[in-house]
Amino acid sequence: MLESRLDTVIYRAKFATTIFSARQLINHGHVLVNGSRCNIPSRMINVGEVISLKEKAKGIPAVIEATTLPERDVPEYVEVDHSKFSGSLVRIPMPDDVPYPVQMETNLVIEFYSR
């Protein structure tokens, strides 16, 4: 469910270098969902919804830098076109599809938060 949030999809599509910069990009009104402005980072994205950046945002140096960084790849459940600065969620990812930076045990996370 966390991978369906707008801020996470923006981050995974490589429109922002960090999740915090993705939230800032959304809060400042630079993101469109299906052509309508959205400034809510926690908005859930449905499969097939088109996420794009406004024309003004396409010239932001941080956005241009983020799209060219080779240090992380776009996961296969996110489809992105960096030439148009748009993308979409192709499918809801399985836990094994999510590129976590560390090896984690999901059951321990669930157990921790269930307290």
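Check the entry above for the structure.
Residues numbered from 1 in each chain as written. Predicted model: local features only at pLDDT ≥ 70, side-chain atom pairs only at ≥ 80, totals over all residues. Heavy atoms only, no water.

Remarks on the overall build of the protein
Each helix and strand counted, the protein has four helices and five strands in total. In sequence order, the secondary structure elements of the protein are arranged as α-α-β-β-β-α-β-β-α. What you see for the protein is a C-alpha radius of gyration of 14 Å, in line with the 13 Å of a compact globule of 115 residues. C-alpha extents for the protein along the principal axes are approximately 45 × 30 × 25 Å. By residue count, 37% of the 115 residues in the protein fall in the buried class. Accessible surface for the protein amounts to roughly 7,300 Å². Of this, 55% is attributable to carbon and sulfur atoms. Placing the 13 positive and 14 negative side-chain charges of the protein at their respective mean positions leaves the two points 10 Å apart. (Helix = DSSP H or I, 4+ residues; strand = E, 2+ residues; numbered from the N terminus. Rg over C-alpha atoms; globule rule 2.2 N^0.38 Å. Buried < 20%, exposed > 50% of the residue type's maximum accessible area, 1.4 Å probe, protein only. Areas by Shrake-Rupley, 256 points an atom, 1.4 Å probe, with all protein chains shown as cover. Lys, Arg positive; Asp, Glu negative; His and termini not counted. Charge placed at Lys NZ, Arg CZ, Asp CG, Glu CD.)

Describing the environment of P95
Within the secondary structure, P95 sits in the loop between strand 5 (86–89) and helix 4 (106–113). A C-alpha to C-alpha distance of 8.3 Å links P95 and T106, two positions 11 residues apart in sequence.

Regarding the nonpolar core
Grouped together as the largest cluster of nonpolar side chains are 22 residues, with contacts concentrated most on L6, I10, V31, I45, I51 and L53. Contributing elements (two or more residues each) for this core: helix 1 (6–12), helix 2 (19–27), strand 1 (31–33) and strand 3 (50–53). Beyond its immediate chain neighbours, meaning those up to four positions away, V31 contacts L6, I10, L25, I26, S36, R37, C38, I51, S52 and L53. (Core = buried A, V, L, I, M, F, W, Y, C linked by side-chain atoms within 4.5 Å. Contact = heavy atoms within 4.5 Å.)

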